[in-house]
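Residues per chain are reported as follows:
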Amino acid sequence: MHLYDGANRNPGTSQTLVSKAVQGLWPVAVGSLSLRKSPCIREGCQLCESGQGHTSYALYGRKEGRRFAIYVPDDLADDLQRAIRNGRDLQTLMADAGRRYALALKNERRVRNRK
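Please read all numbers here as calculations on a predicted model, not as lab measurements. (Residues numbered from 1 in each chain as written. Predicted model: local features only at pLDDT ≥ 70, side-chain atom pairs only at ≥ 80, totals over all residues. Heavy atoms only, no water.)

So what's going on with the overall build of the chain? Residues and values would help.
In terms of helices and strands, the chain carries three helices and three strands. When its helices and strands are written in sequence order, the chain yields α-β-α-β-β-α. The buried share of the chain, reckoned over its 115 residues, is 23%. Across the chain, contacts joining residues at least 24 apart in sequence account for 57% of those joining residues at least 6 apart. For the chain, the accessible surface area stands at approximately 8800 Å², while carbon and sulfur atoms represent 51% of it. (Helix = DSSP H or I, 4+ residues; strand = E, 2+ residues; numbered from the N terminus. Buried < 20%, exposed > 50% of the residue type's maximum accessible area, 1.4 Å probe, protein only. Contact = heavy atoms within 4.5 Å. Areas by Shrake-Rupley, 256 points an atom, 1.4 Å probe, with all protein chains shown as cover.)

Give me unusual backbone geometry: which residues, what numbers.
Residue Pro-27 is reached from Trp-26 by a cis peptide bond, and omega for that bond is 0°. Of note in this structure, Glu-64 is not a glycine but carries a positive phi near 55°. Within the element layout of this structure, Glu-64 appears in the loop between β2 (54-63) and β3 (66-72). By relative accessible area, Glu-64 is classed as exposed at 76%.

Please set out the nonpolar core residue by residue, giving values where relevant.
Buried together is how nonpolar side chains tend to be arranged in soluble globular proteins. Among the nonpolar cores identified, the biggest contains seven residues, and these are Ala-29, Leu-33, Leu-59, Val-72, Ala-77, Ala-83 and Ile-84. Per-element tally for this core: the top contributor is helix α3 (residues 77-114), with three residues. Sequence-distant contacts of Ile-84, defined by excluding residues within four places in its chain, comprise Ala-29, Gly-31, Ser-32, Leu-33 and Leu-59. (Core = buried A, V, L, I, M, F, W, Y, C linked by side-chain atoms within 4.5 Å.)

Could you give an account of a negative patch on the surface, with specific residues and numbers?
On the surface, Asp-74, Asp-75, Asp-78 and Asp-79 cluster together to form a negatively charged patch. Here Asp-79 shows up in helix α3. Take Asp-79: its relative accessible area is 45%, and that puts it in the partly exposed class. (Patch = residues over 30% accessible without salt bridge, like charges linked within 9 Å, V, L, I, M, F, W, Y side chains within 5 Å. Salt bridge = Lys/Arg side-chain N within 4 Å of Asp/Glu carboxyl O. Lys, Arg positive; Asp, Glu negative; His and termini not counted. Charge placed at Lys NZ, Arg CZ, Asp CG, Glu CD.)

So this is what it looks like as structure tokens:
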């Protein structure tokens with residue numbers, strides 16, 4: 001998802017493009033979703049004793065500089081993966097918007113200084 005359009009060279013147009021692009025990016029999340037395997041706490045668990053273990057999804061991320069992990073039920077994993085993809089698209093969009101906004105401000109200043 002990129003915002004490049006050579007004809008749009010003012011901050012207002014940039015804002016309009018970003019607003020339209022963001023509308024389709026819900027839900028959003030930042031982090032990573034991992035399928036992990038771990039033993040349980042039950043004595044004599046056949047899955048654990050066989051080495052198969054128990055699988056579950058976890059969302060990993062950072063908050064205030066600290067790493068966190070949240071258990072994610074299997075039936076919610078696809079929805080969360082979509083949110084993470086949308087979050088990455090939003091980060092790309094913000095980087096493109098920053099570049100576009102800086103160029104638009106410079107262009108606006110150049111036009112203003114010509115007068």
